[in-house]
Amino acid sequence: MTTQPVPSTDEERLAQLGYQQELHRRLSGFSNFAVSFSIISILAGAITSYGIAMNAGGPLAITLGWLFVGIMVTFVALAMAEVCSAYPTAGALYWWTAALAKRNKAAWAWFIGWFNFLGEVAVTAAIDFGAAITTSAFLSLTFGMEVTALKTFLIFLVIIIVHGLLNTFGVNLVRLLSDVSAWWHLVGVAVIVVVLAVVPDQHKPISEVFFEVKNETGFTFGGAAIYAVLIGLLMAQYTYTGYDASAHVAEETHDASRAAPRGIVMSVVVSVIAGFFLLTAITWAIQDYDTERTTDLALPPAQIFIDAAGHNLGTFLLFICMVAQWFCGMASVTANSRMSYAFARDGALPGSRLWKQVNPRTGTPTNSIWLCVTLSTILVVPSLVNTTAYLAATSVAVIGLYIAYVGPVFLRRMLGNEFQVGPWNLGKWSAPVGWIAIVWVVIICVLFILPTAAPITASNFNYTIIAVAAVVAFATIWWFASARKWFTGPKQNLIEKAAHGEQTMPTAE
């Protein structure tokens, strides 16, 4: 393992990687952390998917399951962060893959890039649709609005369009709101925990909060309860996505080779700790498990808040979650558009010439922002008829993103001591951390394609394997039919600009 010489400026390091500084560097280390922490958003993923674990695994999967998955995800984050420090570029995962592969660099970059791109689009769709569900529940409680599929979809449209507009025109505001978002999450969690600990007249026994197992999956075979707990880990695993955002905004972050890897790791660690207190408090406050699990609000935590703290205070707690989810979606659009910009910059998207353009006034990839908004909206359209197809698409987010996360980690392990570490690295712990991360991702890729309910029907069939296979088939067919002839992996725009006689001076801000 060797250490590469550290350049004096971020722009010089980016130039070493072959790119001219085009995006504006406005993000501090805290802002970089805040973007990933906001996308993980324990007040979004853990709240909207809480019902998954209520059905499969129960309190044990919710509380101790959260801690276990959080520890395993921390290994993934640490392994990713080490690579990020060596290659602080917006292309992130697929760029790292091309740099680390010994053979077939373009093919590796192509497949990891497409898993990352489609996974990020699916995550953005899932976050903003989850925000729409929470907003619908809030409007139902405050204004008596009848919750329908159409109204939820229209609320989703408003949310994602506002996120697109903010990322397009409110660049400085987005940076400020990302910082506010981190504090909103931390303070919001503290408020919810205190209220649910103090206000309710009764609580579940602590022993049940941590060790009670529920199996509402319909499976009754021997060991079905253990199986249910494993399936219920999806709640935590789904929430722990999006922390690659710190890498995608590396070209907009000061001291990126240190700040971006720290952002990746700290966003996960802080989420593990804060999320554990949040989920423990919510589970401790359960008044009637089955009634709250099957609530007409379609959001069990909302019913738990109401039953435990009363209508008005419970609605206020839901408001805290709703705003946090709004912040989460805004940050997801930011990260998604940066990955799309980088992928297009290297010619990997249809119409790349359009999507790689940067607005000279704002220093943001405006066209990529609206590409992501449009594709995420298309993924949510099936929810107007049935949520099954939509859920199948969002399942790509968990498996697809984690395949993209661990791909470069695996290649980094194959390089061994040939890998030149950056200023942030794991030293002697690099190998064990990396292999644990790889094994964990293999486990979840198997675990989350298994059946989740019995008897298996068209409406509850786990379409994850079909969705993931569709992504692989799409990328494979396009690769062999066309892309392998022209896609060469990351393109260095400094070389391209020099070839066209363009100025290549750094543009820092």
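Residues numbered from 1 in each chain as written. Predicted model: local features only at pLDDT ≥ 70, side-chain atom pairs only at ≥ 80, totals over all residues. Heavy atoms only, no water.

Draft legend 1. Structural view of the overall build of the chain. Regarding its fold elements, the chain presents 23 helices and 4 strands. Over its C-alpha trace the chain gives a radius of gyration of 22 Å, about what one expects of a compact globule, namely 23 Å for 509 residues. Principal axes of the C-alpha set define a box for the chain whose edges measure 70 × 50 × 40 Å. Considering the chain as a whole, with its 509 residues, one finds that 60% of them fall into the buried category. Pairs at least 24 residues apart make up 83% of the contacts formed inside the chain by residues separated by at least 6 positions. Of the roughly 18900 Å² of accessible surface on the chain, 68% is carried by carbon and sulfur atoms. In the chain, which carries 25 positive and 27 negative side-chain charges, the distance between the mean positions of the two groups comes to 13 Å. (Helix = DSSP H or I, 4+ residues; strand = E, 2+ residues; numbered from the N terminus. Rg over C-alpha atoms; globule rule 2.2 N^0.38 Å. Buried < 20%, exposed > 50% of the residue type's maximum accessible area, 1.4 Å probe, protein only. Contact = heavy atoms within 4.5 Å. Areas by Shrake-Rupley, 256 points an atom, 1.4 Å probe, with all protein chains shown as cover. Lys, Arg positive; Asp, Glu negative; His and termini not counted. Charge placed at Lys NZ, Arg CZ, Asp CG, Glu CD.)

Draft legend 2. Geometry of the environment of Thr295. Examined against the element boundaries, Thr295 turns out to sit in the loop between helix H15 (289-293) and helix H16 (300-309). Ignoring sequence-local partners within four residues, the contact set of Thr295 consists of Pro300 and Gln303. A distance of 3.1 Å separates the side chain of Thr295 from the backbone nitrogen of Leu297, its partner in a polar contact. (Polar contact = N/O pair within 3.5 Å; in protein donor to acceptor, adjacent residues only side chain to side chain.)

Draft legend 3. Main features of unusual backbone geometry. Note the cis peptide between Ala454 and Pro455, where omega equals -5°. For Ser41, which is not glycine, the phi dihedral falls at a positive 40°. In this model, Asp255 sits at a positive phi of 55°, which is unusual for a non-glycine residue. For Asp255, the position within the fold is in the loop between helix H13 (245-248) and helix H14 (256-284).

Draft legend 4. Summary view of empty space enclosed by the protein. With the rule as written, the count across this model stands at 4 cavities of 30 Å³ or more. One number sums up the size of the second largest cavity: a volume of about 90 Å³. Contributing to the lining of the second largest cavity are 13 residues, with Ile39, Ala44, Gly45, Ile127 and Tyr238 lying nearest its centre. Counting residues per element, the ones that place at least two in the lining of the second largest cavity are helix H2 (29-48), helix H7 (105-143) and helix H12 (234-239). Per-element tally for the lining of the second largest cavity: the top contributor is H2, with 5 residues. Across the lining of the second largest cavity, the residue classes break down as 8 nonpolar, 5 polar and no charged. (1 Å grid on protein atoms, 1.4 Å probe; cavity = no way out; pocket = protein on both sides within 12 Å on 5 of 7 lines; lining within 4 Å. Points joined across faces, edges and corners; volume = space filled by probe spheres on them. Nonpolar A, V, L, I, M, F, W, Y, C, P; charged D, E, K, R; others polar.)

Draft legend 5. Quick look at helix H22 (residues 464-486). Given a rise of 1.5 Å per residue, 23 residues ought to cover 33 Å, and the 31 Å separating the end C-alpha atoms of H22 matches this to within 8%. Buried within H22 are the following residues: Thr464, Ala467, Val468, Val471, Ala475, Trp478, Trp479 and Ala483. (Expected span 1.5 Å × (residues − 1).)

Draft legend 6. Just the pattern of salt bridges, in detail. Enumeration according to the criterion identifies 11 salt bridges in this entry. Across the salt bridge formed by Arg338 and Glu252, the nearest N and O atoms sit 2.9 Å from each other. One end of the pair, Arg338, is in helix H17 (residues 311-345); the other, Glu252, is in the loop between H13 and H14, with 86 residues separating them in the sequence. By relative accessible area, Arg338 is classed as buried at 3%. With its nearest N and O atoms 3.7 Å apart, the salt bridge here joins Asp290 to Arg293. Highlighted residues: Asp290 and Arg293, both in helix H15, separated by 3 residues, approximately one helical turn. (Salt bridge = Lys/Arg side-chain N within 4 Å of Asp/Glu carboxyl O.)

Draft legend 7. Looking closely at the packing of H17 against helix H19 (residues 366-380). Following both chains from N to C, one finds H17 and H19 inclined at 115°, their axes separated by 8 Å at the closest point. Classified by the angle their axes make, H17 and H19 are roughly perpendicular. In the crossing of H17 with H19, the sense of the turn from one axis to the other is right-handed. On H19, the residues touching Val333, Asn336, Ser337, Arg338, Ser340 and Tyr341 of H17 are Ser368, Ile369, Cys372, Val373 and Ser376. (Axes fitted to C-alpha atoms, helices over the stretch in contact; angles between N-to-C directions. Parallel < 35°, antiparallel > 145°, perpendicular 65-115°, else oblique. Left-handed = near helix turned anticlockwise from the far one by under 90°.)

Draft legend 8. Representation of the nonpolar core. In this structure, Trp96 and Tyr243 are the most contacted members of the largest nonpolar core, which totals 145 residues. Sorting elements by how many residues they give to this core places H7 first, with 16 residues. In this structure Tyr243 touches Ser36, Ile40, Val73, Val76, Ala77, Met80, Ile264, Ser267, Val268, Tyr402 and Tyr405, once residues within four positions along its chain are discounted. Core analysis: the next-biggest nonpolar cluster, separate from the first, contains 14 residues, Ala125, Ala131, Met145 and Val333 among them. (Core = buried A, V, L, I, M, F, W, Y, C linked by side-chain atoms within 4.5 Å.)

Draft legend 9. Region of the structure containing the packing of aromatic side chains. One pass over the full model with this rule turns up 37 aromatic pairs. Three or more aromatic residues joined by ring pairs make a cluster, and in this case those are Tyr94, Trp110, Phe111, Trp114, Phe117, Phe343, Phe474, Trp478, Trp479, Trp486 and Phe487. (Phe/Tyr/Trp six-rings, centres within 6.5 Å; stacked < 30°, edge-to-face > 60°.)

Draft legend 10. Layout of the side chain of Gln325. As for its placement among the helices and strands, Gln325 is situated in helix H17. Looking at Gln325, the relative accessible area reads 0%, which means it is buried. Within the local environment of Gln325, its side chain forms a polar contact with the side chain of Thr134, the two groups lying 2.7 Å apart. In contact with Gln325, not counting residues within four places along its chain, are Leu43, Ala44, Ile47, Thr48, Ile127, Gly130, Ala131 and Thr134.

Draft legend 11. Fine view of the environment of Phe30. By the secondary structure assignment, Phe30 is in helix H2. Distance in space between the C-alpha atoms of Phe30 and Ala260 is 9.6 Å, their sequence separation being 230 residues. Other than its neighbours up to four places away in sequence, Phe30 contacts Asp179, Ala182 and Trp183.

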